[in-house]
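Descriptive structure summary
These are the residues of each chain, in order.
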Amino acid sequence: MGSQPDFENIRIAAKHKEGKRVPLCEVLVEYPIQSQFLGRPVTSSDLEAQLEFWIKAGYDFIPLSVGMMNPGKVTEESSISKVIREIMLKDTPDAEDKKSWNLEYTHFIDNRADFENFPWDIAEKLDFSKFYKIKDLLPEKMKVIAVSGKIFTLTWMLMGFNNFAMSLIMDEQLVADVFRKVAEIQFKALEEIFGMSHVGAVWVVDDIAFGTGPMISPQAFRDHVFPWYREMAKRCHDKDLLFLMHSDGNLTALMEDIIDMGVDVLQPIDPTCMNIVEVKKTYGDRLCLVGNVSNELLRSGTQADVEERVKYLIKNVGPGGGYCIGSGNSVPDWAKFENYMAMRESAITYGEYPIRL
Amino acid sequence: MAMGYLDEIKGAIINGKYKEIENMVSQLIKDDVDLKQLINEGMIAAMDVVGEKFANSEIFVPEMLVSAVTMQKGLDLIKPLLRGEETEPKGTIVMCTVKGDVHDIGKNLVDMMLEGAGFKVIDLGVDLSVDQLIERVTEIQPDILGLSALLTTSMPQMKKAIDALDAQGLRKKMKVMVGGAPVDRKFAEAIGADGYGANASEAVKLARTFV
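Looking only at helices and strands, chain A has 17 helices and nine strands in total. Sequence separation of at least 24 residues holds for 74% of the intrachain contacts in chain A that already meet a minimum separation of 6.

And the structure:
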């Protein structure tokens, strides 16, 4: 990128102003892509290599996960899965079968008794070691974005989607109690993070919409989910941290709520169902937008296709600030590496302010 | 009770009156109403409205599921009273999410709406290999096979499944419908499926044209 990481670039974009350039921004780049970029293996335990990737690839921050669930391969790596798996290993002969403990296949809270018996005390023991370790490794102006706070997804995964959805109407108090318990644990993680001066933002990664619209009614989100995010945003802002949100799907019906509850930056403006140019026109003075380079394009397009898309986004969404270039979700291992590079290089080539496209 | 009872039952299902439905249906049974008409013009018609409302984002998954539960509670009281031919399903549908994909929210909604429309649904689950699918389909011999995928990376598995049905001589014995967020009509045609449904409501309409 030719310049040193500087989190101020993200802060300027988040204030809807033009900085030096349209920043690059991803919530996750999977390790095989990072490995190809560096030309050596990058693993989940090699924090130095991860940091080297985020610096050399031109990002102003490194995203680090803390909480009961991680982004990407959500459930196999997450602390909640480890907790559940340990319980299953004790009690069930087929615990080695991931379908018995992986939340993508099964769930654990059907009723009040399940809620009461769930090992919340074990689930709330979270590991912050990466956050402490990275402090001394970070370049001066680079920050950590703490990826945390997933509340909606974890609640429905613990309950199973159908059971969760029906209980929302037929046993609302149970759903409210699971939300509360999950949120309390996520907030506890945030409290520890808020004490760290090298953390610049919190990024909630919580899919709340299908391609067709909200997964539950906007009112149900207002009753059960958004109050927690509102509180999270407030606590971030009290500490002068940015509050970012990721959600797949068509968020059109929820945009006013998302802005009203204090989200500074929204990612990825799902390119399969949202028009980012329209979103920028309508909400660009109140919300910074990130992403929208389609993952399908990263998988099946050519480098020229990717370059065209990046140029289009920079030209139509970049002016005035309030935009960061990135994928339409995260950068998965099935994206073509050369397409990831084309996205990054096009952003560097064409993303300097003032935009000249 | 006058014929207005059909509207009352419809309204109860559309509005998810799961606590009241059993009393309402019990009373109608006592009143000796036409039970087949009650199912077709009351209950199934109600679920059609629910499907439309869902497709139009007037209601969401929770409301749709509770409507289905409400219908089921009523149906459970009626079914034992029906004669054999009146309980025959409209057709048998095998559903699954294809290999490499564990997403099932959409598929489960389609299951529920198809059952609400009177089909027998056999759900084979998620991440189903072509071999597993062929084995089960050979055994069940459904009228319709429904394939679901959320990931673009698992979409090719749909074509593999259809090709395998063809190779096993099973393809002409059933209709194949596909669905899921990245799937569209063009893709469905390209892989040789018989139809595509953009949502649960469309899937029901499509399935009705197949039987």
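This paragraph deals with unusual backbone geometry. Residues and elements named next belong to chain A. Pro268 follows Gln267 through a cis peptide bond whose omega is 5 degrees. Across the junction of Tyr353 and Pro354, the peptide omega takes the value -5 degrees, indicating a cis bond. With respect to the helices and strands, Pro354 occurs in the segment after α17 (337-350). With phi around 60 degrees, His16 is a residue other than glycine that occupies positive phi space. Counting through the fold element by element, His16 comes out in the loop between α1 (8-14) and α2 (31-38).

This next bit is on the pairing of strand β3 (residues 199-205) of chain A. All names here are of chain A. Burial analysis of β3 places seven of its seven residues in the buried class, the great majority of the element. Pairing geometry for β3 and strand β6 (residues 242-246), over five bridges, is parallel. Bridge pairing links Val204 to Met245 in β6.

Residue and element names in this part refer to chain B. Looking at chain B, the domain boundaries give domain 1 (4-87) and domain 2 (92-210). Facing the 11 residues of domain 1 at the interface are 10 residues of domain 2. Of all elements in the fold, only α3 (35-55) and α4 (61-78) reach the threshold of two or more residues within the side of domain 1 that touches domain 2. Per element, the largest residue contribution to the side of domain 1 that touches domain 2 is six residues, and it comes from α3. A class-by-class count of the residues in the side of domain 1 that touches domain 2 yields nine nonpolar, one polar and one charged.

Moving on: the sheet that holds strand β3 (residues 144-148) of chain B. Residue and element names in this part refer to chain B. Pairing is parallel across the open sheet formed by five strands, whose spatial order is β2-β1-β3-β4-β5. The two strands at the open ends of the sheet, each matched to only one other strand, are β2 (120-123) and β5 (195-196). Where strand β4 (residues 175-179) lies against β5, two bridges are found, and the strand directions are parallel. Looking across to β5, one finds that Val178 is bridged to Tyr196.

Residues and elements named next belong to chain A. Closest axis-to-axis distance for the helix α9 (residues 161-170)/helix α10 (residues 172-194) pair is 5 Å, and the angle between their directions is 120 degrees. By the criterion of interaxial angle, the relationship of α9 to α10 is oblique. Judged by residue contacts, Phe164, Ser167, Leu168 and Ile169 of α9 engage Glu172, Leu174 and Val175 from α10.

By a frequent convention, interface size equals the accessible area lost on bringing the separate parts together. On the chain B side, the residues contacting the 20 residues of chain A number 16 residues. Listed by contribution, the elements that provide at least two residues to the side of chain A that touches chain B are α9, β5 (213-214) and α15 (295-300) of chain A. No other element matches the seven residues that α9(A) contributes to the side of chain A that touches chain B. Here the side of chain A that touches chain B is built from residues that sort into 12 nonpolar, five polar and three charged.

Residues and elements named next belong to chain A. As for its position among the elements, Arg344 is in helix α17. Given 23 C-beta atoms within 10 Å, Arg344 falls into the buried group. Sequence separation between Arg344 and Met255 is 89 residues, and the spatial gap between their C-alpha atoms is 28 Å. Those residues in contact with Arg344 that lie beyond four places of it in its chain are Leu24, Ala57 and Gly58.

We now examine the packing of helix α1 (residues 4-14) of chain B against α4(B). All names here are of chain B. As a packed pair, α1 and α4 sit with axes 7 Å apart at the nearest point and diverge in direction by 135 degrees. Considered as vectors, α1 and α4 are oriented oblique to each other. In contact with Ala12, Ile13 and Ile14 of α1, α4 contributes Ser67, Thr70 and Met71. Grouping the amino acids of the contact of α1 with α4 by side-chain chemistry returns four nonpolar, two polar and no charged.

A word on the confidence of the model for chain B. Considering every residue of chain B, the mean pLDDT works out to 91; 98% of them sit at 70 or more. The complex prediction reports pTM at 0.88, with the ipTM value standing at 0.87.

Here the focus is the nonpolar core. Counting residues in hydrophobic clusters, the biggest one holds 170 residues, and the most contacted among them are Ala146(A), Val202(A), Trp203(A), Phe243(A), Met113(B) and Leu114(B). In terms of residue count, the dominant contributor to this core is α10(A) (10 residues). Lining this core are residues from two domains, each supplying at least three of them: domain 1 (4-87) and domain 2 (92-210) of chain B. The contacts of Phe243(A), once residues within four sequence positions are left out, are Ala201(A), Val202(A), Met232(A), Ala233(A), Cys236(A), His237(A), Gly262(A), Val263(A) and Asp264(A).

Glancing now at the confidence of the model for chain A. This prediction gives chain A a mean pLDDT of 90; 88% of its residues lie at or above 70. Note on residues 70-75 of chain A: pLDDT is under 50 here. Beyond four places in sequence and across chains, it has 17 contacts.

All right, on to helix α12 (residues 226-238) of chain A then. All names here are of chain A. Taking 1.5 Å per residue as the helical rise, α12 with its 13 residues ought to reach 18 Å, and the 18 Å between its terminal C-alpha atoms agrees with that figure. All of the buried residues in α12 are Phe226, Trp228, Tyr229, Met232, Ala233 and Cys236. Considered in projection along α12, the buried side chains sweep an arc of 150 degrees and stay on one side of the axis. Following α12 by one or two positions, Asp240 has its phi on the positive side, about 60 degrees.

Once that is clear, we can look at the sheet that holds strand β8 (residues 288-290) of chain A. Strand order in the open sheet made by the seven strands is β1-β2-β3-β6-β7-β8-β9 (chain A), with parallel pairing throughout. In the strand order of this sheet, the two ends are held by β1 (61-65) and β9 (323-324) of chain A, each with one partner.

Definitions and limits used
Residues numbered from 1 in each chain as written. Chains lettered and ligands numbered in written order. Predicted model: local features only at pLDDT ≥ 70, side-chain atom pairs only at ≥ 80, totals over all residues. Helix = DSSP H or I, 4+ residues; strand = E, 2+ residues; numbered from the N terminus. Contact = placed C-beta atoms within 7 Å. Buried ≥ 20, exposed ≤ 12 C-beta atoms within 10 Å, placed from the backbone. Pairing = 2+ DSSP bridges. Domains from an automatic or database assignment. Nonpolar A, V, L, I, M, F, W, Y, C, P; charged D, E, K, R; others polar. Axes fitted to C-alpha atoms, helices over the stretch in contact; angles between N-to-C directions. Parallel < 35°, antiparallel > 145°, perpendicular 65-115°, else oblique. pLDDT = per-residue confidence, 0-100. Core = buried A, V, L, I, M, F, W, Y, C linked by C-beta atoms within 7 Å. Expected span 1.5 Å × (residues − 1). Arc of directions from axis to C-beta.

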